[in-house]
Amino acid sequence: MAKAFTVASWNVEHFKNNPDRMARVLQFLKDQNPDVFGLYEVESADIYATLVSQMPNYQFHITEGQQTQEILVGVKRTITAFFTQNMEFKSGNPYLRPGALLTVNKDGADYPILFLHTKSSTKPIGLGLRDDMFERAFNFRKTLDKVSAAAGEGPANYIFLGDLNTMGMTYPFQREIVVDFELRKLDSNAKKAKMVRLEKNQPHTWWNGPGGLPRSNLDHVIAAAHLQFKNFGGAPVDVRGWPKLETETEQKKWIDTYSDHALLFFQVEKV
């Protein structure tokens, strides 16, 4: 198979106009050289000028609304793409992030990529909002398939991804929905939509270091089942950053330097 394009997905947590941190984060991102990328928890539009200066070969798009954290999407200028902000993924809550939809066109084929940052909470309302946002993301596949069929093409080359915050739910009186249950439901819904949650080559994507919360599996890529991806160390999604480092000291240094979320990287092969 031949490469279509590469994608990076990274929650940089409270990413704002801090020159030193911005320089570190952007250098790490540039080192990955993705064709397309999504950054989550962008808290200041002021970083736009720095992005234009530091990454002149990209075009940038950012979500807008009442929320304090935005999703920023970048795409290389050599790639044809169309960006739209999808408000339906706010689940009726004006303060949640909308979906950021980038449709990449490569060699005549469209690849709709939906970047999502779902509700972070182990409370019942958090799980409920996530579940509703996931349902909307899967139902969006039907809309895209209809558009693709009307154009005389096959099923949509649909991908949705991001910080999906799959952290389960706790409830009074020692009742709990563990993370594995939430992931199993996500996988079941993906199968019904003829999609699949892509395997990662590291089991965890979030950690705030020794003495903090347990390592967690929060970041995911879910893709149409017919799509093909490059293999990175036994899996289609390469987890880059602190999970690749050997010692906790090295991992904590990386987290302090960049983010407590690792970066997800994958390569879509041509259809």
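Scroll up to find the structure this text is about.
Below: a short report on this structure. Fair warning: this is a prediction, and the values are worked out from it, not measured in the lab.

1. Concerning the environment of tyrosine 95
Logical step 1: Its place among the elements puts tyrosine 95 in the loop between β5 (80–86) and β6 (99–106).
Logical step 2: Residues tyrosine 95 and glycine 65 lie 30 residues apart in sequence; the distance between their C-alpha atoms is 7.7 Å.
Logical step 3: With residues near it in sequence (within four places) discarded, tyrosine 95 still touches Gln66, Gln67 and Lys90.

2. Remarks on the packing of helix α3 (residues 124–150) against helix α4 (residues 179–192)
Logical step 1: Running from N to C, α3 and α4 cross one another at 15°; their axes reach a closest spacing of 10 Å. Relative to α4, the element α3 lies roughly parallel. In this structure, α3 meets α4 at a crossing whose hand is right-handed. Of the residues in α4, those touching α3 at Leu127, Arg130, Asp131, Phe134 and Phe138 are Glu182, Lys185, Leu186, Asn189 and Ala190.

3. Some thoughts on the sheet that holds strand β14 (residues 263–269)
Logical step 1: Strand order in the open sheet formed by six strands is β3-β4-β2-β1-β14-β13, with mixed pairing between adjacent strands. Lying at the two open borders of the sheet, with one neighbouring strand each, are β3 (58–62) and β13 (238–240). Across the sheet, the axes of successive neighbouring strands diverge by a mean angle of 20°, strand direction being ignored.
Logical step 2: Direction of pairing for β13 relative to β14: antiparallel, over a ladder of three bridges. Within the sheet, the bridge partner assigned to arginine 240 lies in β14 and is leucine 263.
Logical step 3: In this fold helix α1 (residues 19–32) packs onto β1 (3–15), β2 (36–42), β13 and β14, with an angle of close to 165° to the strand it touches most, β1.

4. Things to note about the layout of surface pockets
Logical step 1: Counted as a void, the largest pocket has a volume near 550 Å³.
Logical step 2: Contributing to the lining of the largest pocket are 31 residues, with Ser120, Thr122, Asn165, Met167 and Leu218 lying nearest its centre.
Logical step 3: Among the secondary structure elements, those contributing two or more residues to the lining of the largest pocket are β9 (169–171), β10 (175–177) and α4.
Logical step 4: When grouped by side-chain class, the residues that make up the lining of the largest pocket number 12 nonpolar, 12 polar and seven charged.
Logical step 5: Here the second largest pocket is characterised by a volume of approximately 250 Å³.

Definitions and cut-offs
- Residues numbered from 1 in each chain as written.
- Predicted model: local features only at pLDDT ≥ 70, side-chain atom pairs only at ≥ 80, totals over all residues.
- Heavy atoms only, no water.
- Helix = DSSP H or I, 4+ residues; strand = E, 2+ residues; numbered from the N terminus.
- Contact = heavy atoms within 4.5 Å.
- Axes fitted to C-alpha atoms, helices over the stretch in contact; angles between N-to-C directions.
- Parallel < 35°, antiparallel > 145°, perpendicular 65-115°, else oblique.
- Left-handed = near helix turned anticlockwise from the far one by under 90°.
- Pairing = 2+ DSSP bridges.
- 1 Å grid on protein atoms, 1.4 Å probe; cavity = no way out; pocket = protein on both sides within 12 Å on 5 of 7 lines; lining within 4 Å.
- Points joined across faces, edges and corners; volume = space filled by probe spheres on them.
- Nonpolar A, V, L, I, M, F, W, Y, C, P; charged D, E, K, R; others polar.

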